[in-house]
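# Chains, contacts and geometry: an overview
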Amino acid sequence: MKSILILYYSRGGHTARISRHIMQAINAQQHHCEMMDITEASKEGIEWDKWDAVVVGACVLYGTYDKSVFAFCEQHQQQLTEKAVSFFSVNVVARKPEKRLLENNKYMQKFIRLSAWKPQDIKIIAGKVDYPSWGWLDSLMIRLIMKITDGPTDPTAVIDYTDWDDVAAYGEHIIRLTDKA
Ligand SMILES: Cc1cc2nc3c(=O)[nH]c(=O)nc-3n(C[C@H](O)[C@H](O)[C@H](O)COP(=O)(O)O)c2cc1C
C-alpha cells in the first residue's frame with residue numbers, strides 16, 4: 001500500500017473538488033491518500049517521510065498562481081525534488097483540448113519558469129466557470145477574456161469543464177509514479 005499526499009491551493013473550491021476526486025481514485029485502489037490545503041500545510045508542516053508520492057495542485061488566477069504556491073515550492077524545493085511529485089494546474093483556457101498540452105499552455109510554462117522547484121511530472125486540468133459565485137469585478141474581467149477567446153460570456157453561466165474520468169485516470173497515474181520513487 002502506497003501513501004500519497006495531495007497539497008492544493010483552491011480559491012473557489014473547484015481545485016479542492018478535483019483533489020478530492022484524485023484522492024478517491026487512489027483510495028479506491030486500496031492505497032492511502034490524504035489531501036491538505038497548502039496554507040494549512042505551510043503552517044503545520046509536513047511529515048515528508050510518511051509519503052511515497054506528493055501531488056501539488058493549484059488554480060490559475062489572472063494568468064498566474066497564488067504567491068503562497070510559489071512560496072511553498074521554494075521553501076520545500078529540496079523535499080519536492082527528492083520525492084516522486086506531480087504538479088497539476090487548473091485553468092479554464094484548458095477547456096480547449098489542445099491547451100492541455102504543455103507546449104500550448106502558457107500557465108504551465110509560467111509555473112515551470114517561475115517556480116524554484118521544477119516539476120518532472122505535470123497535468124493540465126480544465127476548471128470551472130462560475131460567474132454567479134464570483135465577485136462582479138472578477139466576473140466582468142473573466143467575461144472580457146472569454147469574449148476574446150470565444151468562451152461563455154453569459155453572466156449567469158456555470159460550466160464545469162473538468163473531465164472527471166481523466167482526473168480519476170490521473171489518480172491512477174500517481175500510483176504508478178510511486179513505483180519510480
Ligand atoms: C479571479 C479569477 C481569475 C481567473 N483567471 C484565469 C486566467 O487568467 N486564466 C484561466 O484560464 N482561468 C482563470 N480563471 C479560472 C479558474 O482557474 C477556474 O475557475 C478554476 O476552476 C478555479 O478554481 P478554484 O475554484 O479552485 O479557485 C480565473 C478565475 C477567477 C475566479
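Residues numbered from 1 in each chain as written. Predicted model: local features only at pLDDT ≥ 70, side-chain atom pairs only at ≥ 80, totals over all residues. Heavy atoms only, no water.

### Some words on the overall build of the protein
- Scanning the protein from terminus to terminus reveals seven helices and seven strands.
- Taking 16 Å as the expected radius of gyration for a compact globule of 181 residues, we find that the protein reaches 16 Å, a close match to that expectation.
- The buried share among the 181 residues of the protein stands at 45%.
- Counting only contacts in the protein whose residues sit at least 6 apart along the sequence, the fraction spanning at least 24 positions is 76%.
- A total accessible area of about 9,400 Å² is found for the protein, and carbon and sulfur atoms account for 51% of it.
- One way to put it: in the protein the 22 positive side-chain charges average out to a point 6 Å from where the 23 negative ones average out. (Helix = DSSP H or I, 4+ residues; strand = E, 2+ residues; numbered from the N terminus. Rg over C-alpha atoms; globule rule 2.2 N^0.38 Å. Buried < 20%, exposed > 50% of the residue type's maximum accessible area, 1.4 Å probe, protein only. Contact = heavy atoms within 4.5 Å. Areas by Shrake-Rupley, 256 points an atom, 1.4 Å probe, with all protein chains shown as cover. Lys, Arg positive; Asp, Glu negative; His and termini not counted. Charge placed at Lys NZ, Arg CZ, Asp CG, Glu CD.)

### With respect to the pattern of salt bridges
- Inspection of every chain in the model, using the stated rule, returns two salt bridges.
- For Asp138, the salt bridge identified is with Arg11, shortest N-O distance 2.4 Å. Here Asp138 is found in helix α6 (residues 136-148), whereas its partner Arg11 is found in the loop between β1 (3-9) and α1 (14-27), with 127 residues between them in sequence.
- Assessed through its relative accessible area of 48%, Arg11 is described here as partly exposed.
- One salt bridge in this structure joins Asp166 and Lys123, with 2.7 Å as the shortest N-O distance. Of this pair, Asp166 sits in helix α7 (residues 164-177) while Lys123 sits in strand β5 (residues 121-126), and the two are 43 residues apart along the sequence.
- Residue class for Lys123 comes out buried when judged on its relative accessible area of 18%. (Salt bridge = Lys/Arg side-chain N within 4 Å of Asp/Glu carboxyl O.)

### Describing the domain arrangement of the protein
- Split by domain assignment, the protein resolves into domain 1 (3-127 + 163-180) and domain 2 (129-161).
- For domain 1 versus domain 2, the separation of C-alpha centres amounts to 24 Å.
- Each partner contributes to the interface: domain 1 provides 10 residues, whereas domain 2 provides 12 residues.
- Broken down residue by residue, the surface that domain 1 buries against domain 2 is led by Tyr62, Val92 and Arg95, which jointly contribute 58%.
- Viewed at the interface, domain 2 and domain 1 are joined by one salt bridge.
- For the pair domain 1 and domain 2, the number of links is seven residue pairs in polar contact (both at pLDDT 80 or more).
- In terms of residue class, the side of domain 1 that touches domain 2 is built from four nonpolar, two polar and four charged. (Domains from an automatic or database assignment. Buried area = accessible area lost by both parts, 1.4 Å probe. Polar contact = N/O pair within 3.5 Å; in protein donor to acceptor, adjacent residues only side chain to side chain. Nonpolar A, V, L, I, M, F, W, Y, C, P; charged D, E, K, R; others polar.)

### Some points on α7
- If you check α7, its first and last C-alpha atoms are 20 Å apart, about what 14 residues at 1.5 Å a residue would give, namely 20 Å.
- Considered for burial, the residues of α7 that qualify are Val167, Tyr170, Gly171, Ile174, Ile175 and Leu177. Looking straight down α7, one finds that the buried residues subtend no more than 160° of arc, so they occupy a single side.
- For α7, the secondary structure elements touched by its buried residues are β1, α1, β3 (53-59), β4 (84-91) and β5. (Expected span 1.5 Å × (residues − 1). Arc of directions from axis to C-beta.)

### Here's the deal with a nonpolar patch on the surface
- A cluster of nonpolar side chains, namely Tyr62, Trp136, Leu137, Leu140, Met141, Leu144 and Ile145, defines an oily patch on the protein surface of about 730 Å² accessible area.
- Among the structural elements, Met141 can be located in helix α6. (Patch = residues over 30% accessible without salt bridge, like charges linked within 9 Å, V, L, I, M, F, W, Y side chains within 5 Å.)

### Overview of the state of the cysteines
- If you walk through the whole model with that rule in mind, you get zero disulfides.
- Just so you know, Cys33 is unpaired, no disulfide at all, and the nearest cysteine sulfur is the one on Cys73, 17 Å from it.
- On the accessibility criterion, Cys33 (5% relative accessible area) is buried. (Disulfide = S-S within 2.5 Å.)

### A few points about the nonpolar core
- In this structure, Leu7, Val54, Tyr65 and Phe88 are the most contacted members of the largest nonpolar core, which totals 47 residues.
- The greatest single-element share of this core, amounting to six residues, is contributed by β3.
- When neighbours within four sequence positions are excluded, Val54 is seen to be in contact with Leu5, Leu7, Trp48, Leu80, Lys83, Ala84, Val85 and Ser86. (Core = buried A, V, L, I, M, F, W, Y, C linked by side-chain atoms within 4.5 Å.)

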